[in-house]
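# Structure assessment
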Amino acid sequence: MPVITLNSAKLSKGQKGELIKELTAAAAKIMNIQEQSYYVFLKEHEMDNLGVGGQFLAEYLKDKV
């Protein structure tokens, strides 16, 4: 049972579906294991629970836009 885990900020349902589909397909191709064998865990975090460069993620992204 291969497992793929992704930690990220909040995602839309569409983004989650696309990630599950594409991550599974890529891993199956690379590892030569059937797609049905994969489990994908998406762990979402609020922007106030993530930090980068000494700032909350929301503040960091605000400075980049």
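Residues numbered from 1 in each chain as written. Predicted model: local features only at pLDDT ≥ 70, side-chain atom pairs only at ≥ 80, totals over all residues. Heavy atoms only, no water.

### Re the confidence of the model for the protein
The condition is simple: For every residue, the predictor assigns a confidence score, pLDDT, that lies between 0 and 100. Elements are defined by DSSP. Helices are runs of H or I of four residues or more, strands are runs of E of two residues or more, and each kind is numbered from the N terminus.
When pLDDT is averaged along the protein, the result is 94, and 98% of the positions lie at 70 or above. Taking the mean pLDDT of every element in the protein, the minimum, 84, falls on helix α2 (residues 57-64) and the maximum, 98, on helix α1 (residues 13-31).

### Overview of the pattern of salt bridges
As a reminder of what qualifies: The term salt bridge refers to a side-chain nitrogen of Lys or Arg lying within 4 Å of a carboxyl oxygen of Asp or Glu. Burial classes follow relative accessibility: with a 1.4 Å probe on protein chains only, a residue under 20% of its type's maximum area counts as buried, one over 50% as exposed, and anything between as partly exposed.
For the structure shown, the criterion picks out 2 salt bridges. A salt bridge links K10 to E46; its shortest N-O distance comes to 3.6 Å. With K10 in the loop between β1 (3-9) and α1 and E46 in the loop between β2 (39-45) and β3 (51-52), the pair connects residues that are 36 residues apart, well separated along the chain. Judged by its relative accessible area of 49%, K10 falls in the partly exposed class.

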